[in-house]
Amino acid sequence: MSVQYFEGIGRRKEATARVRVFGTGNGMFTVNDKPLDQYFTRIGDKEKIFAPLQVAGFEPASMDVTVKVNGGGVNGQMGAVQLGVARALVKLNPELIATLRKGGFLTRDARVKERKKPGLKRARKAPTYTKR
């Protein structure tokens, strides 16, 4: 039995998320084989992940979503899942591009950690200057 799903890849900082949105379902949202509430425990993360669904006019309880996410920290993974959900929704219904783009859900946040430079302690922090 093959079940139809739409896949979207999301990236943020060092995190990568592979999101599969099933057209029908009973509202199961799993991240790395755990329920969403157990994986993302911070306040507000769940709302940010569901934001593309709500802007597109979908009810989160009417579809199943499975996510495989790795790399990065909590914030990067949350952003990667959000982008992956938005891209999967575009594959589900291409007419949603304008709506999701207007909400800023289809733009990849390209900000990453700046590399460390030689002679400095971090990317920009210099050692303390001493006159004598």
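Small disclaimer: the values here were computed from a predicted structure and weren't measured.

Colleague: Which residues make up the overall build of the protein, and what values do they have?
Modeller: For the protein, the helix and strand inventory stands at four helices and five strands. The helix and strand sequence of the protein, counted from the amino end, reads β-β-β-β-α-α-β-α-α. For the protein, whose C-alpha radius of gyration is 18 Å, the value lies well above the compact-globule estimate of 14 Å for 132 residues. With the principal axes as the frame, the protein shows a C-alpha extent of 75 × 30 × 30 Å.

Colleague: Account for the pattern of salt bridges, with residues named and values stated.
Modeller: Considering all chains together, one arrives at nine salt bridges under this definition. Residue Glu114 pairs with Arg124 through a salt bridge whose shortest N-O separation is 3.1 Å. With a gap of ten residues between them, Glu114 in the segment after α4 (97-103) and Arg124 in the segment after α4 connect regions that are remote in the sequence. On the basis of relative accessibility, which here comes to 36%, the residue Glu114 falls in the partly exposed class. Through salt bridges with shared partners, a single network forms among Glu7, Arg18 and Arg20.

Conventions and cut-offs
Residues numbered from 1 in each chain as written. Predicted model: local features only at pLDDT ≥ 70, side-chain atom pairs only at ≥ 80, totals over all residues. Heavy atoms only, no water. Helix = DSSP H or I, 4+ residues; strand = E, 2+ residues; numbered from the N terminus. Rg over C-alpha atoms; globule rule 2.2 N^0.38 Å. Salt bridge = Lys/Arg side-chain N within 4 Å of Asp/Glu carboxyl O. Buried < 20%, exposed > 50% of the residue type's maximum accessible area, 1.4 Å probe, protein only.

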